[in-house]
Amino acid sequence: MSATALDPPVTERPAAVRLRGVGKTFRQRRRETPALEGVSLDIAAGEFLCLVGPSGCGKSTLLSILAGFTTADSGEVLVDGRPVEGPGPDRGVLFQTPTLFPWLTTRQNVLYGPRARGALTPGVREEAGELLETVGLTDFADAYPHELSGGMRHRAAFARVLINHPRVLLMDEPFGALDAITRAGMQRFLLELWQRQRTTIVFVTHDVEEATLLGDRVSVLSGRPGRTKAVIDIELRRPRTYDDTETLEFVTAKRRIREVLER
Ligand SMILES: Nc1ncnc2c1ncn2[C@@H]1O[C@H](COP(=O)(O)OP(=O)(O)OP(=O)(O)O)[C@@H](O)[C@H]1O
C-alpha cells in the first residue's frame, strides 16, 4: 500500500498506538527526575510520526515505554488495542547504534530472531535473502559487522527487525551518528521502504528538517517533564525526496515546528 493523496487523514484512521496520560518519574536514591507527564497521543496504522523536543524532555523514555523496556508510572499504553506489558515481536526497535551480534554474519544476524523462536523455516530463509536484497546487502550477506560501513550496519539492523514483521517500528535517533551523506541515503532508504510497506513508525529525532522530511505528523514535546505541546500535520506531497527540502512549503513547515519548539 502506498501513501496517496486519497488516504484518509491520519486522525480518521484506526489507532495503532494509543497513549493516554502517560507519566514517568525516575527515582534514584534521593533524586527524582520527572521525565514525562500526561502525554496523550493516537498514532494511526501506517502513520509516520516524528517526535521532537529539547534534549532530556523524555523522547527516548517514551519510545522505551512503547518498546516495553520501561514501565510508565501512570496512564495507558496500547499497541493495536493491547496494553504494552513488555517487549514483543510486534514492535521492532532501532537505535542510534545498530545492534548486531559481532560474531554473526549479516545473514545470521537477520535470521537470529526466527532462529531464537524456533521458526527457521525454508520460507524464512528465502525471506531473509529477499530482505537482504531490499536493503542492498546481498553481496555482504556473509560479511561480519566489522566489515560493513556505518550505513550498511544500519541497513542490516533494519533487515533484522523487518524479518519479524513488526506492526510498529520504534526508531530512536537512528541516523544521528551518521555523516550527512550517509544520513541522507538512509532517509531516502527509509522513505522508500515505508512507502512500500506502510509500517507504523514512531521516529525520535532532534533534527527538525529530518522530522519535516519524514513525518506525516510531528509531535513536539515541551522541556522536561515532556508534555505534548503540539502535534503538527506535515501536508507535503508524497512520495518525498531530499529535493523537497528546498521548496517553500517545506521551509514553511519546518519553521512552524521550530516556532512551536522555541515557544
Ligand atoms: N534510567 C534512567 N534513570 C534515571 N533517569 C533517567 C533514566 N533514563 C532517563 N532519565 C532521565 O529522564 C529524562 C529524560 O531522558 P530521555 O533520555 O528520555 O530524554 P531525551 O528527550 O531522549 O533526551 P536526548 O534528546 O538528549 O536524547 C532525563 O532527565 C534523564 O536524565
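Residues numbered from 1 in each chain as written. Predicted model: local features only at pLDDT ≥ 70, side-chain atom pairs only at ≥ 80, totals over all residues.

A word on the site of the ligand
Piece 1. Taken together, the neighbourhood of the ligand is formed by 14 residues, with F26, S55, K59, S60 and T61 sitting nearest.
Piece 2. Counting residues per element, the ones that place at least two in the shell around the ligand are β1 (15–28), β2 (31–44) and α1 (59–67).
Piece 3. Broken down by element, the shell around the ligand gets its largest block of residues, three residues, from α1.
Piece 4. The class makeup of the residues in the shell around the ligand is three nonpolar, nine polar and two charged. (Near = placed C-beta within 6 Å. Helix = DSSP H or I, 4+ residues; strand = E, 2+ residues; numbered from the N terminus. Nonpolar A, V, L, I, M, F, W, Y, C, P; charged D, E, K, R; others polar.)

Looking at the domain arrangement of the chain
Think of interface size as the accessible area that goes away when the parts come together; that is how it is often given.
Piece 1. Per the domain assignment, the segments making up the chain are domain 1 (17–90 + 168–262) and domain 2 (103–165).
Piece 2. Using only C-alpha atoms to locate each centre, domain 1 and domain 2 end up separated by 26 Å.
Piece 3. Residue-level contacts link eight residues of domain 1 with six residues of domain 2.
Piece 4. In terms of residue count, the dominant contributor to the side of domain 1 that touches domain 2 is helix α6 (residues 180–197) (four residues).
Piece 5. Across the side of domain 1 that touches domain 2, the residue classes break down as six nonpolar, two polar and no charged. (Domains from an automatic or database assignment. Contact = placed C-beta atoms within 7 Å.)

Focus: the nonpolar core
Piece 1. Counting 64 residues, the largest nonpolar core has L66, A159, V202 and F203 as its most contacted members.
Piece 2. Top contributing element to this core by residue count: helix α5 (residues 150–162), with six residues.
Piece 3. Per-domain counts for this core show at least three residues from each of domain 1 (17–90 + 168–262) and domain 2 (103–165).
Piece 4. Ignoring anything within four residues of it in the chain, the contact list for V202 reads V17, I43, L49, L51, L63, L66, V168 and L170. (Core = buried A, V, L, I, M, F, W, Y, C linked by C-beta atoms within 7 Å. Buried ≥ 20, exposed ≤ 12 C-beta atoms within 10 Å, placed from the backbone.)

With respect to the packing of α5 against α6
Piece 1. Where α5 contacts α6, the axes come no closer than 10 Å and their chain directions differ by 25°. One finds that α5 runs roughly parallel with respect to α6. Crossing angle aside, the handedness with which α5 passes α6 is right-handed. Across the interface between the two elements, G150, G151, H154 and R155 from α5 touch T182, G185, M186 and F189 from α6. (Axes fitted to C-alpha atoms, helices over the stretch in contact; angles between N-to-C directions. Parallel < 35°, antiparallel > 145°, perpendicular 65-115°, else oblique. Left-handed = near helix turned anticlockwise from the far one by under 90°.)

Some points on unusual backbone geometry
Piece 1. At the junction of R224 and P225, the peptide bond is cis and its omega measures out at -5° in the coordinates.
Piece 2. Tracing the chain through its elements places P225 in the loop between β9 (217–221) and β10 (228–233).
Piece 3. At the junction of R238 and P239, the peptide bond is cis and its omega measures out at -10° in the coordinates.
Piece 4. Positive phi, normally seen in glycine, also occurs at H165, with a value near 50°.
Piece 5. In this structure, H165 sits in the loop between α5 and β7 (168–172).
Piece 6. Non-glycine residue E173 carries a positive phi angle of around 40°.
Piece 7. Within the secondary structure, E173 sits in the loop between β7 and α6.

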